[in-house]
Amino acid sequence: MKPASILLAAAAAWAAATVSATAEDKVKVGLIVTLSGPAAVLGGQVRDGFNLAVKTLGGKLGGLNAEVIVVDDELKPDVAVTKVKGLLERDEVNFVVGPVFSNVLMAIHKPVTESNAFLISPNAGTSSFAGKQCNPNFFVTSYQNDQIHEVLGQYAQDKGYKSAFLLAPNYQAGKDAMAGFKHDFKGKILDEDYTPLGQLDFSAELAKIAADKPDAFFTFMPGGMGVNLVKQYRQAGLATIPFLSAFTADESTLPAEKDDALGFLGGADWAPDMDNPQSKAFVKAYEAAYKSVPGTYAMQAYDAALLIDSAIKGTGGKLSDKDALRAELKKANFTSLRGKFKFGVNNYPIQDFYLVKAAKRPDGKYETEIVQRVFEDYADRYAPECMMK
Amino acid sequence: MTMRSQTPAILLFAGLALFPFVARFGAQAYLLTLGARTLILALAALSLDFLVGQGALISFGHAAYLGIGAYAVVLASMAGINDLLAQALIAVAAAALFAALTGYVSLRATGVYYIMSTLAFGQMLYFLFVSLSALGGDDGYTLSSRSRLFGEPRLTSDFAFYYLCLAALALAYVMLTRICGSRFGRVLNAIRQNPLRARALGFRPFPSRLAACLIAGAIAAVAGALLANQSEFVAPAFMSWQRSGELLVMTILGGVGSLWGAVLGAIIYLALEEALSLLTDQTHVLIGPLLIVVAIFGRRGLAGALAPKASGSAA
Amino acid sequence: MHDEVAAPRPVSLALLAVQTLNGLQLGILLFLIAAGLTLTFGVMNFVNLAHGVQYMVGAYLAAMFASLTGGFWSALALTLPTALAFGLALEFLVFRWLYDRDHLSQILATFGVILFMNQGVKTIWGAAPLSVPMPDALSGSVALMPGLLFPVYRLALIAVGLATGLALYLVINHTRVGMLIRAGATNAAMVSALGVDIRRLFMLVFGFGAMLAGFAGAMVAPILSVEPGMGDNLLILAFVVIVIGGIGSIRGAFLAALMVGLIDTLGRAFGAQMLRVALAPAAANQTGRALAPMLIYILMAAVLFHRPSGLFPVTR
């Protein structure tokens, strides 16, 4: 009878372990981010930024004791669905904050928005939920993905570049990046090159760039792929061609790219050298706690916590009144680390965007620094299709 | 097979059937979701066990069939076909076609060459779907709702869906057990044990092996169709080589050849992952050594350890 | 919005030559990584999925030592014995119990090693990518084409790869140890019966294979990012290479690596343009993009179709 008893005991123990007790004066937040594989550094930033905010607020959000449950989506959409259902049904969270990646967002959007919790994305902002499929229970504290690429397209256009070479990985986000850049750049596109996901050696593409001699080079190459591209670009002597990038030379990759990335340009809604008191305090606290320079991922997660805090305070701590909470969330009545912040009709932010460049601080650490503002109070271009009020 | 050697399988299925009632004491909806996903992957592992245990065909591309089944549901629903049975039939047909085409190339090789060949085809399919923007590419495709069953949206209930998955698993188990005991199964087994002798007796390995690939692929495609319904979302990640590796691990963990061992292996692997993730976010640090220990000490996997007499005919 | 596709760039002889060089260089890199694998696989018939992890550990060790000592050469010098020690530790703890077992148990165990080590490096060194500085002596570049520099380091890598290949070939074919290795690959039981300590031989081969993988990781670190899971995709590539080349054959691995490197690079460089002969530009681009990552798998399938045991199989 060994097998049967083992099975039944395991099932019983497991089910028992999942019985959760709910407390009335507590707010539960489920944080679902990628914490495994090469992209784990981004999920780590989101987790750390959010936790830092909660800590700074005294372990409370909106005056209620906050419990943050961190879950790893492993960058696998179907695993993410199961885990987010765990957060919703087993842990009964009031808010789901996450994810980092667009494909995980596509998977968890429906389960969360159809449940009792609100979904707040601190990074992924796909176009699909910014337009016709906008949802009142879904909020984004980062930006709509295209906007970052549009910053660089607009900058290239303003600078008068006549031709550009584009490079991105061959997946949906890469294609969106190309589309975003081309939206504002009216010059000639010499080549639109897509590389296989995870490619390590860019020699072939770099040779093409050298042969084409574009006025500017635009790329979206996140994570380790970006580190490789930046290093190899510099080593190939191509740095005389302006390097315009999205998510390629930012705080998550600069520690590895080091001097190779200096001067490379990027687009962002914030940089660690932003000149306002709350941002400076955040950067200082983050570095003290986590020994690394925060990037936009951490900043947006911190803002997500501030958003939740302000919303709960606005309803006087009444978590059960979903409509009131929703209205309060929409108000975005908090002081963002970016300074200005408000939601558009589709719950995506309307904010300023900047051109940033990779730089080395006097203390030897690397960060992005603001060069100039490119867009002011910029809403995404899918908002008109959203039918929400 | 005698009744005695079927005891562990019967107990296993009984436990699975009773699970939803035990789950009432916990977070029922979440546990049923987890349970359904476990059953679906167990179905895929079961089909792989048939391939590996009976056919000695170690496939490192089996997750491709999960993807085929899942995307069959997507394409069918895009064409307006919402009935699960119709979708499953399309999935089976697509899987059979894929198995036939790739089997024709892969089965020319043996040993590690065969393993790598299956990996190659799995990767090709993965990259193909990543590049298809119309289906969402890497971002995946969200289904508007679960499939209908006999015209009615019966699958929206987690309870009903769980039992559907269990029924599919039980059906597949019975079918494969029958096949193993049939003439075809015994020929396949003979080819596995000694291809030269089998050939000498007049049995050509190729048709039997191809048939085994078709059967296993078809069952895994059904699992894929169920997986699409379970998460109401389909992505190429379903067929990455890491997924194929996980299926292989579940099968080996359970003990190759016993069929019910694969189901057990899938359950233990997924339950362990889930349970450990509640304790720590470093689950792999614990699961890794566990797999090593099972590999070294458990010669016949968990099935061999728990119920040696019933763990099948694999040597 | 731009939907039109730019005119195809002229394919000059210079560009073709440069891309061919790039392809060869990628091939040599792959060879460095695959050499150790074909050796362990060929001699011990052991499916070592953890080979990618050994490569990753070599890169991480190089990064760690480089940050401690500040230089590349000292880091490399420290990495080699440490990688060897790591390989021997793995052999002692895990692999030596599995030599006699079937491939499935080996797959299971080495998969466990991958899971453990990928998480392990993250715990020890953090999740963010690391970098290794380029050695000053090799940090110059050569102008291949106007506007395109080829780093001297990559030329050094090519030289190292060729030297390693030559050295391996000489050792395997012209020394006593090499003879024992070849004999062990053909019939381990017989070699043991003839009085050779087969366990010691296996340990030697395994340790050396691990060190070679670690060496590849350290050499490659200055031009690639060092991150958790970096070995996983390369593992697949390495298996593709040794399968095409024929398991156990150094010569096969070398040729296969070059083939894979060339086809992958030239496919990416000129694939879309070549397809324009048959398809409309937009369709050619789309197809080219979709086909690019598949090319090496198509190559492998084609090779296996005609030669089911690879190009230079070691006959048992």
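Small disclaimer: the values here were computed from a predicted structure and weren't measured.

S.K.: Explain the overall build of chain C to me, and be specific about the residues and the numbers.
M.R.: Looking only at helices and strands, one finds 12 helices and two strands in chain C. Secondary structure of chain C in N-to-C order comes out as α-α-α-α-β-β-α-α-α-α-α-α-α-α. For 316 residues, the compact-globule estimate of 2.2 N^0.38 gives 20 Å, and the C-alpha radius of gyration of chain C, at 21 Å, lies within 12% of that figure. When the backbone C-alpha atoms are referred to their principal axes, chain C occupies close to 70 × 50 × 35 Å. Taken across its 316 residues, chain C has 57% of its residues classed as buried. Partitioning the intrachain contacts of chain C with sequence separation of at least 6 by distance along the chain shows that 79% fall at a separation of at least 24. Of the roughly 12000 Å² of accessible surface on chain C, a fraction of 70% belongs to carbon and sulfur atoms. Measuring between centres, the 15 positive side-chain charges of chain C sit 9 Å from its 10 negative side-chain charges.

S.K.: Explain the overall build of chain A to me, and be specific about the residues and the numbers.
M.R.: Within chain A, the regular secondary structure consists of 12 helices and 14 strands. Compactness check: chain A gives a C-alpha radius of gyration of 22 Å against a globular reference of 21 Å for 389 residues, within 12% of the reference. Taking the principal axes of its C-alpha atoms as reference, chain A extends roughly 70 × 55 × 45 Å. The burial tally for chain A puts 68% of its 389 residues in the buried class. Sequence separation of 24 or more characterises 71% of the internal contacts of chain A that already satisfy a separation of 6 or more. Distance between charge centroids for chain A: 2 Å, based on 42 positive and 46 negative side chains.

S.K.: Any details on the pattern of salt bridges? Residues and values, ideally.
M.R.: Within the structure shown, the criterion is met by 37 salt bridges over all chains. The salt bridge involving A:Lys76 is made with B:Glu246; its shortest N-O contact spans 3.2 Å. Residue A:Lys76 is located in the loop between strand E3 (64-72) and helix H3 (77-90), and its partner B:Glu246 is located in helix H10 (residues 241-254); the two belong to separate chains. A:Glu376 is the salt-bridge partner of A:Arg373, the closest N and O atoms lying 3.5 Å from each other. Owing to a relative accessible area of 47%, A:Glu376 belongs among the partly exposed residues under this scheme. Salt bridges sharing partners connect three or more residues here, namely A:Lys340, A:Asp352, A:Arg373, A:Glu376 and A:Asp377.

S.K.: Would you mind going over the interface of chain C and chain B in detail, with residue names and values included?
M.R.: In this assembly, 40 residues from chain C lie in contact with 42 residues from chain B. Summing the contributions of chain C and of chain B, the shared interface buries around 3800 Å²; its carbon and sulfur component is 79%. Contact with chain B buries area across many residues of chain C, yet C:Leu104, C:Leu108 and C:Phe305 alone supply 18% of it, more than any other trio. The tally of links from chain C across to chain B stands at zero salt bridges. Run the count over chain C and chain B and you get seven residue pairs in polar contact (both at pLDDT 80 or more). Counting only elements with at least two residues in the side of chain C that touches chain B, the list comes to helix H4 (103-125), helix H9 (230-245) and helix H12 (295-306) of chain C.

S.K.: An account of the interface of chain A and chain C is requested, with residue identities and associated values reported.
M.R.: The partner chain C presents 41 residues to the 46 residues of chain A that form the contact. With both sides pooled, the region where chain A packs onto chain C buries about 3500 Å², and carbon together with sulfur makes up 54% of that total. Here chain A and chain C share two salt bridges between them. Across the pair A:Glu205 and C:Arg268 runs a salt bridge whose closest N-O atoms are separated by 2.9 Å. Put simply, chain A and chain C have 16 residue pairs in polar contact (both at pLDDT 80 or more) between them. When contributions to the side of chain A that touches chain C are tallied by element, the ones reaching two or more residues are helix H2 (40-56), helix H6 (172-184), strand E8 (188-195), helix H7 (203-212), helix H8 (223-235) and helix H9 (254-257) of chain A. Counting residues per element, the side of chain A that touches chain C draws most heavily on H7(A), which supplies nine residues.

S.K.: Requested: an account of the pairing of strand E5 (residues 118-121) of chain A, with residues and values cited.
M.R.: Residues and elements named next belong to chain A. Going residue by residue along E5, you find Phe118 and Ile120 tucked away on one face and Leu119 and Ser121 tucked away on the opposite face as well. Relative to E5, strand E4 (residues 95-97) is paired through three bridges, and the arrangement is parallel. Residue pairing in the sheet places Val96 in a bridge with Leu119 of E5. In terms of handedness, the path from E4 via helix H4 (residues 102-113) over to E5 forms a crossover that is right-handed.

S.K.: Give a detailed account of the sheet that holds E3(A), specifying residues and quantitative values.
M.R.: As summarised here, the arrangement of the six strands in space is E2-E3-E1-E4-E5-E6 (chain A), forming an open sheet in which the pairing is mixed. Each end of this open sheet is capped by a strand with a single partner; those strands are strand E2 (60-61) and strand E6 (138-140) of chain A.

S.K.: Any details on the pairing of strand E7 (residues 163-169) of chain A? Residues and values, ideally.
M.R.: Residues and elements named next belong to chain A. In terms of burial, E7 is a largely internal element, seven of the seven residues being buried. The two faces of E7 match: Ser163, Phe165, Leu167 and Pro169 on one face and Ala164, Leu166 and Ala168 on the other face are all buried. Sheet analysis places E7 next to E8, joined by seven bridges and oriented parallel. When the sheet's bridge partners are listed, Phe165 is paired in E8 with Asp191. The handedness of the E7 to E8 crossover, carried by H6, is right-handed. Summarising the sheet, E7 and strand E9 (residues 216-220) pair through four bridges and their orientation is parallel. Note on E9: the bridge partner recorded for Ala164 is Ala216.

Calculation criteria
- Residues numbered from 1 in each chain as written.
- Chains lettered and ligands numbered in written order.
- Predicted model: local features only at pLDDT ≥ 70, side-chain atom pairs only at ≥ 80, totals over all residues.
- Heavy atoms only, no water.
- Helix = DSSP H or I, 4+ residues; strand = E, 2+ residues; numbered from the N terminus.
- Rg over C-alpha atoms; globule rule 2.2 N^0.38 Å.
- Buried < 20%, exposed > 50% of the residue type's maximum accessible area, 1.4 Å probe, protein only.
- Contact = heavy atoms within 4.5 Å.
- Areas by Shrake-Rupley, 256 points an atom, 1.4 Å probe, with all protein chains shown as cover.
- Lys, Arg positive; Asp, Glu negative; His and termini not counted.
- Charge placed at Lys NZ, Arg CZ, Asp CG, Glu CD.
- Salt bridge = Lys/Arg side-chain N within 4 Å of Asp/Glu carboxyl O.
- Buried area = accessible area lost by both parts, 1.4 Å probe.
- Polar contact = N/O pair within 3.5 Å; in protein donor to acceptor, adjacent residues only side chain to side chain.
- Pairing = 2+ DSSP bridges.
- Right-handed = clockwise from strand over helix to strand, strands pointing away.

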